[in-house]
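Structural features, examined
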Amino acid sequence: MSILTKVSRNGTWRATAMLLLMVFALLAMNAAGRVHLSLATVFSVLENFATIGPVALGLGLTILIREFDISIAGTFGLGGCVAIMVGSLNPWLGLFAAVAVGLVLGLAQGLTMVFLGLKSVAVTLGGLLTFGGLAYVLTGGRSLPSQNLEMALFVNATIWGVFSVRSLVAIAVFAIAAFSVGWTRLGRDMIAIGSNPQAAVSAGVAVEPILIGVFAVCATLSALSGALLSVSLSAASPSGLSDIVIPAVTAVLLGGSSLLGGAGRPLGTAAGVLILSLLRTGLTAIGVSSFGNDLVTGLVLLAVAIADGPELSTRLYELRSLLSTRSTGAPTMHRSSLF
Amino acid sequence: VTLAPDLIHKSRLRQALIWGRLRLGWSVESTFRLLLVVLLLVVAATTDGIFTTQSMLALVNSAGLVGCVAVGMSFVTFGGHIMSFALSSTVGMATIVCSALSEYGLGIAVVGVLAVGLAMNALQGFIIGYFRANALIVTIAAASLSGGVAEYLTSGQTVYAEGAVLAPLRAKMFGMPSVAYVFVFCLIVAHLILTSSRLGKRVFMLGSNARAAKAAGIRIATVTTATFAMAGLFAACAGVLIAGRYGAGMFDYGADYNYQAIAGVLVGGNSVAGGEGSVWRTALGVFVIALISNVLLLRGFSSEMQLLAAGLVVSLAILLQGRLKR
């Protein structure tokens, strides 16, 4: 098997290759004088990574076990609001409270799925609406400013030129997740559940505790990310933070995950987030307006959604046989889809 | 095989429950739902000012607009795709197109809007059905794309309609706003499509079991395209009405309709998994949520509290669809 096939078959390697291409493209543009790269650019990419990363990681873990957490936007916004409101007493207490709220909400959703036998999309859809409403009630529908600027300065300060506390936290959670999924029995069990839930049950995998745990982790990570973003911006708003879903989903799918489950690893997701951050930085650098950004994001997401479609290969095969006049029946691959 | 008498005795309660369910169509869930509706009606009846014309008109106006989108959303849910995230943007886009086309007359504007709404969503449906791509993701992407297109077309400005061309849309007939008539019309059309046409049967078949539907020779791409086209058509109707009400078009006019619509569908008791349901239930759900919002408003709760209440009601509706593990 050639190295190219190897890279294109493995989601994580594919994402890494795309990331490298992105980096080379940016470097080439830099050399041509179209964009100006500096340490500040790297810092801003990493800040973007810190915002989207943990949310995408959590979502990626739910997709890995063939589920989907749509409530991430709700927990993200709610985490920010809790962090700022409780943080007026003590900023560390605020962060702690936000993480605790995320954990409790995630556990509650996971338990609901297991004990009522409901699909994750249904439960988390209810969660999205409820948590969003809760954030509006807590803040009274206004944007909440924070008085504690020291905390914001601490979170935003540059460390070793390109990092901040936020991006270091994001890198740390990715490292922990990559280790757990890649090198522990828990990770193997998760991949088994995503690849074939029935077989996983037969093989003695504790499906239900893992499901509850993954949703708890996902909600905790998005609440943490929302809290850190709000602290760094010194403000929380119930509505302003809701554009997290699109970049998170795009990053996860770019990173080699499939909605059919079992595919995609945390490192792939990290590469996906970086690709997206670089894309945004590049677009801003060459002066694309906000609607251009929307269009590119939408197109990328649409492309990865089509690429993830289980019948894409069948359609391509049909197309090829149409072109080459040989009429052969298209092979169909059946794999029960997530929804 | 004979069961031990003890075992039979223990399961007598369950036997009674099963008998009631089979013979009377009675179930614990339906009783619970009925109790909730009765509770809501009692609370509503004891609220001051709920039976005034003004409050009733507000109820009909908001429920009618959400209702049109919710009828569209019902197609998506019944077809097994859970929900579309692009109906808000269809509504927003419809208000813009309606205002922009108003200089050519009301008829052209309405036809143009319906065509745009239909085309936007039919395209999504085609992508979803042809590649079996995930509906949630595709519609999220489409929402982002159409937001970008709307921003490009309008530069973020409000598009004002030509003179009084759209005025007939906010006229009243027999004391009821036009919204009410359009909603009832949409409801009847959707009901007829879903119950008496081949498309309706196929939507439900696809929703209950896509693989079986495919094995039965149903063309999934065609049916999915039609499902989403219908959703876009009904959402565009709401867009026309909103453009008529404000005499202007803006993308953000559609903002919350996705969530309000799916809330109506689920609160009405339609299955979130698809394959069954009725638009009458959707209409009931929309009215229940509108009534709750109205009661909260009249009892002095904030609009944020109404959002939370809607979220909680939807969660409750979803939880009621679960089966307790015994």
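Residue positions are counted from 1 within each chain, in the order its sequence is given. Just so you know, chain letters begin at A and ligand numbers begin at 1, following the order they were written in. At least 70 in pLDDT is required for a residue's local features to be given in this predicted model, at least 80 for side-chain atom pairs to be given and counted, and no such filter applies to totals for whole chains, interfaces and linings, which use all residues. To get the side-chain values, take all heavy atoms of the structure and skip hydrogens and water.

Turning next to the overall build of chain A. Put simply, DSSP marks the helices as runs of H or I at least four residues long and the strands as runs of E at least two long, and each gets a number from the N terminus on. Looking only at helices and strands, chain A features 15 helices and 2 strands. For chain A, whose C-alpha radius of gyration is 21 Å, the value lies close to the compact-globule estimate of 20 Å for 339 residues. Each of the three principal axes of chain A carries a C-alpha extent, and together these read 70 × 60 × 35 Å. For chain A, the share of sequence-separated contacts (at least 6 apart) that also reach a separation of at least 24 residues comes to 76%. Method for areas: the Shrake-Rupley scheme with a 1.4 Å probe, in which residue coverage is limited to the protein chains shown. As presented, chain A carries roughly 15,000 Å² of accessible surface, and 69% of it is formed by carbon and sulfur atoms. Each charge class in chain A was averaged separately, 16 positive and 11 negative side chains, and the resulting centres sit 11 Å apart. All radius of gyration figures rest on C-alpha atoms, and the globule criterion is 2.2 Å times the number of residues raised to 0.38. We call two residues contacting when some pair of their heavy atoms lies within 4.5 Å. Under the convention used here, Asp and Glu are negative, Lys and Arg are positive, and both His and the chain ends fall outside the count. All charge positions are set by atom: Lys at NZ, Arg at CZ, Asp at CG, Glu at CD.

On to a nonpolar patch on the surface. Residue and element names in this part refer to chain B. Nonpolar side chains (Val, Leu, Ile, Met, Phe, Trp, Tyr) are joined into patches within 5 Å and like charges within 9 Å, using only residues with over 30% relative accessible area and no salt bridge. For this analysis, a salt bridge means a side-chain nitrogen from Lys or Arg found within 4 Å of a carboxyl oxygen belonging to Asp or Glu. On the surface, Phe-32, Leu-36, Leu-39, Val-43 and Leu-316 cluster together to form a nonpolar patch covering roughly 370 Å² of accessible area. Broken down by element, the nonpolar patch gets its largest block of residues, 4 residues, from helix α3 (residues 28-45). Summarising the element assignment, Val-43 is placed in helix α3.

Next up on the list: the interface of chain B and chain A. Opposite the 43 residues of chain B that make contact, chain A presents 50 residues. Note on terms: buried area is the combined drop in 1.4 Å-probe accessible area of two parts once they are placed together, counting the loss on both. Of the roughly 3,900 Å² buried where chain B meets chain A, counting both sides, 77% is carbon and sulfur surface. At the junction of chain B with chain A, the criterion picks out 1 salt bridge. Counting of polar contacts relies on pairs of N or O atoms within 3.5 Å, with two restrictions inside protein: one atom must be capable of donating a hydrogen and the other of accepting it, and residues adjacent in sequence are counted only when both atoms are side-chain atoms. There are 7 residue pairs in polar contact (both at pLDDT 80 or more) connecting chain B and chain A.

Now for unusual backbone geometry. Peptide bonds are trans in most cases, and residues, glycine excluded, mostly fall at negative phi. Residues and elements named next belong to chain A. Its identity as a non-glycine residue notwithstanding, Arg-66 has a phi of 60°, on the positive side. Judged by relative accessible area, which is 11%, Arg-66 ranks as buried. Residues other than glycine seldom take positive phi values, yet Ser-234 does so here, at roughly 60°. As for its placement among the helices and strands, Ser-234 is situated in the loop between α11 (207-233) and β2 (235-236). Only protein chains enter the accessibility calculation, which uses a 1.4 Å probe; a residue whose area is less than 20% of its type maximum is buried, one above 50% is exposed, and one in between is partly exposed.

Our next topic: the state of the cysteines. Cysteine sulfur atoms that pair up within 2.5 Å are treated as a disulfide. Considering all chains together, one arrives at 0 disulfides over all chains under this definition. Of the cysteine sulfurs around Cys-81 of chain A, a residue in no disulfide, the closest is that of Cys-218 of chain A, at 18 Å.

Here we take up the pattern of salt bridges. Considering all chains together, one arrives at 5 salt bridges over all chains under this definition. The partner of Asp-189 of chain A in a salt bridge is Arg-185 of chain A, and the shortest N-O contact between them spans 3.6 Å. Residue Asp-189 of chain A and its partner Arg-185 of chain A are both found in helix α9 (residues 185-195); the two are separated by 4 residues, about one turn of the helix. Under the relative-accessibility criterion, Arg-185 of chain A is labelled exposed at 60%. Salt-bridge contacts for Glu-318 of chain A lead to Arg-315 of chain A; the nearest nitrogen and oxygen are separated by 3.2 Å. Of the two residues, Glu-318 of chain A and Arg-315 of chain A are both situated in helix α15 (residues 312-323); the distance of 3 residues between them amounts to about one turn of the helix. For Glu-318 of chain A, a relative accessible area of 28% corresponds to the partly exposed category. Three or more residues joined by partner-sharing salt bridges are found here, namely Glu-311, Arg-315 and Glu-318 of chain A together with Lys-214 of chain B.

All names here are of chain A. Within the secondary structure, Asn-148 is located in the loop between β1 (144-145) and α7 (149-156). For Asn-148, a relative accessible area of 27% corresponds to the partly exposed category. Each C-alpha atom of the pair Asn-148 and Tyr-136 lies 22 Å from the other, and the pair is 12 residues apart in sequence.

This next bit is on the packing of aromatic side chains. To pair, rings of Phe, Tyr and Trp, with the six-membered ring standing in for Trp, must have centres within 6.5 Å; the planes then decide the type, stacked if under 30 degrees apart, edge-to-face if over 60, and tilted in the middle. Taken as a whole, this structure holds 12 aromatic pairs over all chains when the rule is applied. Judged by centre distance (6.3 Å) and plane angle (80°), the rings of Phe-85 of chain B and Tyr-259 of chain B are edge-to-face. Of the two residues, Phe-85 of chain B sits in the loop between α4 (53-78) and α5 (87-101) while Tyr-259 of chain B sits in helix α12 (residues 257-267), which places them 174 residues apart along the sequence. Look at Tyr-259 of chain B and you get partly exposed, because its relative accessible area is 32%. We call a charge positioned above a ring when the Lys NZ or Arg CZ atom is no farther than 6 Å from the ring centre and deviates by at most 35 degrees from the ring normal. Geometry around Tyr-130 of chain B places Arg-315 of chain A over its ring, the cationic atom sitting 4.3 Å from the centre.

Moving on, we get to the packing of α5 of chain B against helix α7 (residues 135-154) of chain B. Residue and element names in this part refer to chain B. Following both chains from N to C, one finds α5 and α7 inclined at 20°, their axes separated by 10 Å at the closest point. Here α7 runs roughly parallel to α5, going by the angle between their axes. Judged by the sense of rotation from one axis to the other, the crossing of α5 with α7 is left-handed. Packed against α5, whose contacting residues are Ser-89, Met-93 and Ile-96, the element α7 presents Ala-143, Ser-146, Val-149, Ala-150 and Thr-154 at the interface. Each axis is a line fitted through C-alpha atoms, and for a helix only the stretch in contact is used; angles between axes span 0 to 180 degrees, taken between their N-to-C directions. Here the word oblique covers every angle except those under 35 degrees (roughly parallel), over 145 (roughly antiparallel) and from 65 to 115 (roughly perpendicular). Less than a right angle of anticlockwise turn of the near helix away from the far helix marks a crossing as left-handed, whereas a clockwise turn marks it as right-handed.

Right, let's talk about the nonpolar core for a bit. Buried Ala, Val, Leu, Ile, Met, Phe, Trp, Tyr and Cys residues that are joined via side-chain atoms within 4.5 Å together make up what is termed a nonpolar core. Counting 148 residues, the largest nonpolar core has Leu-59, Phe-68, Met-190 and Val-249 of chain A together with Val-69, Met-83 and Ile-137 of chain B as the members making the most contacts within it. Looking at which element gives the most residues to this core, the answer is α4 of chain B, with 12 residues. Setting aside its immediate chain neighbours within four residues, Ile-137 of chain B contacts Phe-68, Val-249, Leu-253, Leu-259, Leu-301 and Ala-305 of chain A. Residues Leu-95, Ala-135, Leu-224 and Ala-236 of chain A belong to the second largest nonpolar core, which totals 19 residues.

Right, let's talk about the packing of helix α12 (residues 245-254) of chain A against α7 of chain B for a bit. One way to put it is that α12 of chain A packs onto α7 of chain B with a least axis distance of 11 Å and a crossing angle of 125°. Classified by the angle their axes make, α12 of chain A and α7 of chain B are oblique. For α12 of chain A against α7 of chain B, the interelement crossing comes out left-handed. Contacts between α12 of chain A and α7 of chain B involve Val-245, Ile-246, Val-249 and Leu-253 of chain A from the former and Ile-137, Ile-140 and Ser-144 of chain B from the latter.

Before going further, it helps to spend a moment on the side chain of Thr-130 of chain A. Residue position: Thr-130 of chain A is located in helix α6 (residues 120-139). Among the polar contacts listed, one links the side chain of Thr-130 of chain A to the backbone oxygen of Gly-311 of chain B, at a separation of 3.2 Å.

Per-residue confidence for chain B averages 87 on the pLDDT scale, and 94% of its residues sit at or above 70. Across the assembled chains, the prediction reports ipTM 0.86 with pTM 0.89. Per residue, pLDDT measures the predictor's confidence, with a range of 0 to 100.

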